[in-house]
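Take a look at the letters that make up each chain.
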Amino acid sequence: MAPTVAPPSTSPPSHPPSRSPSPSPVLDRRRSSASVILRSVLEHGPVARSTIARLTGLSPASVTGYCARFAEQGLIREAAVPRRSGGVGRPHLPVDLDRSRFVVGGVHIAVPYTTVAVLDLRGRVIAEKRLWHQGTEPHLVLARAADGLAALLTGVPGRTPLGIGVATGGWVDPDSGTIVEHPLLGWRDVAVRDPFEARTGLPVHVDGHARALVNGERLFGRARGSRSLLHLFVGNVVDAAFATHDQVHYGPRSQAGAIAHLPLTGGSERCDCGRTGCIQAELSERTLCRRARERGVIDSSNPMHVVSAAASGDPSAVRLLVERSRAAGLAAALLLDVLNPETVVVTEIGAMHREDCLGALREAVGPGRAESVVPTSFPESVLAVAGGSVALDVLYRDPLGFAGSAAA
Ligand SMILES: [Zn+2]
């Protein structure tokens, strides 16, 4: 018997459904079956419905019912080439995600610039643009980002945007869609949803970038299937996120992952908090760039210029990057001691671009655990993926609700 499916909600969920108290266990079960099936298509597609049933343990009738609904909504379609099992019987028409129809918008707000992007349902970046801040006044930054994203979405005709994900560093509360505190931008209690909703009419979801990238890694990256996953983000902001199975830990008011002021062994950098050697002060890209300027390596504030200098053989640039990656490894080791995750993903510019940096990072983590540490799966577009993953995580947790509300 085909399952009855939940009617599309009239309004999109205002925050990731995983953390919202559900009014109905039946609705929860449907959400969860729908989620498991669409995730299976994401992971294995093109894949036969019978295989999905086998992989998920759901009944073939249930899988067929949900797949019919997804196809109706335009999330999946039958793949072009039928596969026969042993050449007899009915052909098995595999299903796959329909990447030609829906997209999501992704926004990442960094200290010097905002990244706006359009991603398909596999988390692949279709279009991306960097908008340098002309000041850090929140409403101006957000208005430019909303305009920039709207223009980018218009630039990919024939695709329907399902929603927008916004990610940033600092303390972000997804429930209220607020950046509670982002000290490096000087932002406090900035409501992020409204400007994007007003400009585009799309549902908007907001989260911290370390958590967003945990979701990106478990959906689209090489950490897929990991039972426990830690993500360490080392940019200008340094923060972390942790997930067991598919659940990212948020904690009260979504404050989990604030590691900026943990002490780093051997740290010498003065921090704004008054202490010396805090993780963020030590590892921040600002610190890297300042040290590189002091050594005459660069004359800018762009950490990629340090990477370029190292690539063209500047030994001071190489040393700075390797030292920083080693320090990032010490930070990862500290978190490994506390959380003991199966996999650690590190987003750090040195380890992303240089083998010697990744080697130094792994060495600092220590033998026996080094192999569990991997660089981000998205070296070319990590910030775009962070933004897009906020929306795509909501889609894959509650496909019928998310796509249904967009279609309505
Ligand atoms: Zn501090």
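Whatever comes next refers back to the structure up there.
In this text, all values refer to a predicted model and were calculated from it rather than measured experimentally. (Residues numbered from 1 in each chain as written. Predicted model: local features only at pLDDT ≥ 70, side-chain atom pairs only at ≥ 80, totals over all residues. Heavy atoms only, no water.)

A four-donor tetrahedral metal ideally has 109.5 degree angles, and a six-donor octahedral metal ideally has angles of 90 or 180 degrees. Within the first shell, the zinc ion binds the protein through His-261 (ND1), Cys-271 (SG), Cys-273 (SG) and Cys-278 (SG), at distances of 2.0 to 2.3 Å. One chain supplies every donor for the zinc ion, spaced along it as H-x9-C-x1-C-x4-C. Judged by its relative accessible area of 2%, Cys-278 is buried. (Donors = N, O, S within 2.8 Å, 3.2 Å for Na, K, Ca; no water. Buried < 20%, exposed > 50% of the residue type's maximum accessible area, 1.4 Å probe, protein only.)

Moving on, we get to the packing of aromatic side chains. In total, this model carries three aromatic pairs according to the counting rule given. Ring centres of Tyr-66 and Phe-70 lie 6.5 Å apart, and the angle between their planes is 35°; on these two criteria the pair is classed as tilted. Within this pair, Tyr-66 and its partner Phe-70 are both found in helix α3 (residues 60-73), separated by four residues, close to a single helical turn. As far as burial versus exposure is concerned, Tyr-66 and Phe-70 are alike and both buried. The ring of Tyr-113 carries the charged tip of Arg-130 above its face, separated from the ring centre by 4.0 Å. (Phe/Tyr/Trp six-rings, centres within 6.5 Å; stacked < 30°, edge-to-face > 60°. Helix = DSSP H or I, 4+ residues; strand = E, 2+ residues; numbered from the N terminus. Lys NZ or Arg CZ within 6 Å of the ring centre and 35° of its normal.)

Before going further, it helps to spend a moment on the environment of Asp-246. Within the secondary structure, Asp-246 is located in the loop between β12 (238-244) and β13 (247-248). Note on Asp-246: relative accessible area 29%, which makes it partly exposed. Distance from Asp-246 to Arg-224, taken between C-alpha atoms, is 9.7 Å for residues 22 residues apart in sequence. Those residues in contact with Asp-246, other than ones at most four positions away along the chain, are Arg-39, Arg-218 and Arg-397. Within the structure, the side chain of Asp-246 is placed 2.9 Å from the side chain of Arg-218, a separation counted as a polar contact. (Contact = heavy atoms within 4.5 Å. Polar contact = N/O pair within 3.5 Å; in protein donor to acceptor, adjacent residues only side chain to side chain.)

Our next topic: the sheet that holds strand β11 (residues 228-234). Within a beta sheet, neighbouring strands are joined by backbone hydrogen bonds and run either parallel or antiparallel to one another. Taking strand neighbours across the sheet as the criterion, the five strands line up as β13-β12-β11-β14-β15 in an open arrangement whose pairing is mixed. If you trace the sheet from one side to the other, it starts and ends with β13 and β15 (373-375), each paired once. Pairing geometry for β11 and β12, over seven bridges, is antiparallel. Residue Leu-232 lies in a different strand from β12, and its bridge partner there is Ala-240. Its contacts with the sheet place helix α10 (residues 315-339) against β11, β12, β14 (343-348) and β15, and it is angled at close to 145° to β11. (Pairing = 2+ DSSP bridges. Axes fitted to C-alpha atoms, helices over the stretch in contact; angles between N-to-C directions.)

Turning our eyes to something else, we now look at the pairing of β12. Burial within β12 is extensive, with six of its seven residues counted as buried. Between β11 and the antiparallel strand that follows it, β12, lie three residues. Examined bridge by bridge, β12 and β13 share two bridges and lie antiparallel to one another. What sits directly across from Ala-243, in β13, is Val-248. In this antiparallel pair of consecutive strands, β12 and β13, the connection spans two residues, and His-245 shows a positive phi of 50°.

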